[in-house]
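# Structural features, examined
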Amino acid sequence: TDELGRDILSRIIYGTRISLEAGLLAVLVAAGVGVLTGLIAGYVGGWIDAVIMRVWDTLLAFPAIFLAIGIVTVAGPGYMNAVLAVAIINIPTFARLVRATTLSVKAKDFVEATYAIGATSSHIMFRTILPNCVAPVVVQMAIAAPAAILVEASLSYLGLGSQPPTPSWGNMLTAAQSYLFRSPTYGL
C-alpha cells in the first residue's frame, strides 16, 4: 500500500487506463488535424502550403517536452490540457507525412485520370488521395502513441497533467519519490 493505505497495484492498473487513454486521444486528435492540414497543403500548394507548413515548422523548432510544458502552463494544469498539449506537439509530424505522401500520389496517373473525368477537388483529395495516405499515417500513429504516453506521464510527474487523487503514472511516481528509501518497491 502507499502512504495513505491505498493499494498500489490497483492504482497502477487504473493509472494505465488514464495514461493509455491520454496518449491515444492525443494521437487521434493530432492525426485528425495533421492529416487534414497536410492534405490541404500538399494538394493546393502555393502560398497556402507555405503558410501551413511554416506554422508546423515553427512548432517543430522547439523541443517537444518544453513546448508541452509551455502549452500546459498557459492553459493551466489538468488532464485535457495535457492531452491537448501532447496533440499539438504531434500535429506537425502527421502534417508533414501526409503532405509528402499527397505530393507523391498527386503525380500519379490515376489521380490525373480522376481529374480528367471531371471530379471535384474535394473528391480527388478525400476519395482518391487520402486512401493512399492511410498506411503511413497508421504506422506513424503506432510510433507516436508510446511517445505521447511518455510525455503525458512526464507532465503528470511535474504536476501539470492529471491531478491527484486521479492516479496517473506520473503523479504516482511523484508521490513515491519521497518514500523510496523506506519502501523501494513503491517506485516500481
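Notes on the structure follow. Here the residue numbers are simple positions, counted from 1 along each chain's written sequence. For a predicted model such as this one, the threshold for reporting local features is a pLDDT of at least 70, and the threshold for listing and counting side-chain atom pairs is 80 or more; totals across whole chains, interfaces and linings nevertheless cover every residue. Here the side-chain values reflect all heavy atoms present in the structure, with hydrogen atoms and water set aside.

## Comments concerning the overall build of the protein
Where we set the bar: Only DSSP runs of H or I covering at least 4 residues are called helices, and only runs of E covering at least 2 are called strands; the numbering of each starts at the N terminus. The quantity called the radius of gyration is restricted to C-alpha atoms. Its globule counterpart is 2.2 Å times the number of residues to the power 0.38. Burial classes follow relative accessibility: with a 1.4 Å probe on protein chains only, a residue under 20% of its type's maximum area counts as buried, one over 50% as exposed, and anything between as partly exposed. In this description, contact between two residues means that some pair of their heavy atoms is separated by no more than 4.5 Å. Where accessible areas are quoted, they stem from the Shrake-Rupley method and a 1.4 Å probe; at the residue level, only the protein chains shown are allowed to cover.
What the protein contains, in helices and strands, is 7 helices and 0 strands. Put simply, the protein runs from its N terminus to its C terminus through helices and strands in the order α-α-α-α-α-α-α. A compact globule built from 188 residues should have a C-alpha radius of gyration of about 16 Å, whereas the protein, at 21 Å, is more than 25% larger. Overall, the C-alpha framework of the protein stretches about 75 × 30 × 20 Å when taken along its three principal axes. Across the 188 residues that make up the protein, the buried fraction comes to 41%. Taking contacts inside the protein between residues at least 6 apart in sequence as the whole, the part at least 24 apart equals 71%. Surface accessibility of the protein: about 10100 Å² in total, with carbon and sulfur atoms responsible for 70%.

## Brief notes about the nonpolar core
Counted only if it meets this: We call a set of buried Ala, Val, Leu, Ile, Met, Phe, Trp, Tyr and Cys residues a nonpolar core when their side-chain atoms join them within 4.5 Å.
One finds Trp56, Phe94, Ile129 and Leu155 to be the most contacted residues of the largest nonpolar core, which totals 43 residues. Looking at this core, the elements with two or more residues in it are helix H1 (8-44), helix H2 (46-60), helix H3 (64-75), helix H4 (79-106) and helix H6 (121-157). Ranked by residue count, the leading element in this core is H4, at 12 residues. The residues touching Phe94, leaving out its near neighbours within four places in the chain, are Val27, Ala30, Ala31, Gly34, Val35, Val137, Gln140, Met141 and Ala144.

## With respect to the side chain of Thr37
The condition is simple: In protein, a polar contact requires one atom able to donate a hydrogen and another able to accept it; more generally it is a pair of N or O atoms within 3.5 Å, and residues adjacent in sequence count only if both atoms are side-chain atoms.
Note that Thr37 resides in helix H1. Reaching out from Thr37, the side chain makes a polar contact with the backbone oxygen of Gly34 at a distance of 3.3 Å. Not counting the four nearest positions on each side in its chain, Thr37 is found in contact with Ile52, Trp56 and Ala95.

## Regarding the pattern of salt bridges
Applied cut-off: In the sections that follow, a salt bridge refers to a side-chain nitrogen of Lys or Arg positioned within 4 Å of a carboxyl oxygen of Asp or Glu.
Going through the model one piece at a time under the given rule, you end up with 4 salt bridges. One salt bridge connects Asp49 with Arg99, and the closest N-O pair in it is separated by 2.7 Å. Taken together, the residues Asp49 in helix H2 and Arg99 in helix H4 connect sequence positions 50 residues apart. Salt-bridge contacts for Arg96 lead to Asp57; the nearest nitrogen and oxygen are separated by 2.8 Å.

## Looking at the packing of H3 against H6
So the rule is basically this: For every element, the axis is a line fit to its C-alpha atoms; helices are fit only across the contacting stretch, and the angle between N-to-C directions ranges from 0 to 180 degrees. Any angle that falls under 35 degrees is termed roughly parallel, while one over 145 is termed roughly antiparallel, one within 65 to 115 roughly perpendicular, and all others oblique. Take the far helix as the reference: if the near one is turned anticlockwise from it by less than a right angle, the crossing is left-handed, and if turned clockwise, right-handed. All amino acids are sorted into three groups, where Ala, Val, Leu, Ile, Met, Phe, Trp, Tyr, Cys and Pro are nonpolar, Asp, Glu, Lys and Arg are charged, and the leftover types, Gly among them, are polar.
Contact geometry of H3 with H6 gives a least axis separation of 11 Å together with a crossing angle of 50 degrees. Looking at the two axes, H3 sits oblique to H6. In the packing of H3 onto H6, the handedness of the crossing is right-handed. Where H3 approaches H6, its residues Ile65, Ala68, Ile69 and Val72 are matched on the opposing element by Val151, Ser154 and Leu155. Here the residues of the contact of H3 with H6 are counted per class, giving 6 nonpolar, 1 polar and no charged.

## Looking at the packing of H6 against helix H7 (residues 169-177)
Put simply, H6 and H7 touch, their axes get as near as 6 Å, and they point 40 degrees apart. Taken together, the axis directions place H6 and H7 in an arrangement best described as oblique. With respect to the hand of their crossing, H6 and H7 are arranged in right-handed fashion. Side by side, H6 and H7 meet where Ile149, Ala153, Ser156 and Tyr157 of the first sit next to Trp169, Gly170, Asn171, Leu173, Thr174 and Gln177 of the second. Split by residue class, the contact of H6 with H7 holds 5 nonpolar, 5 polar and no charged.

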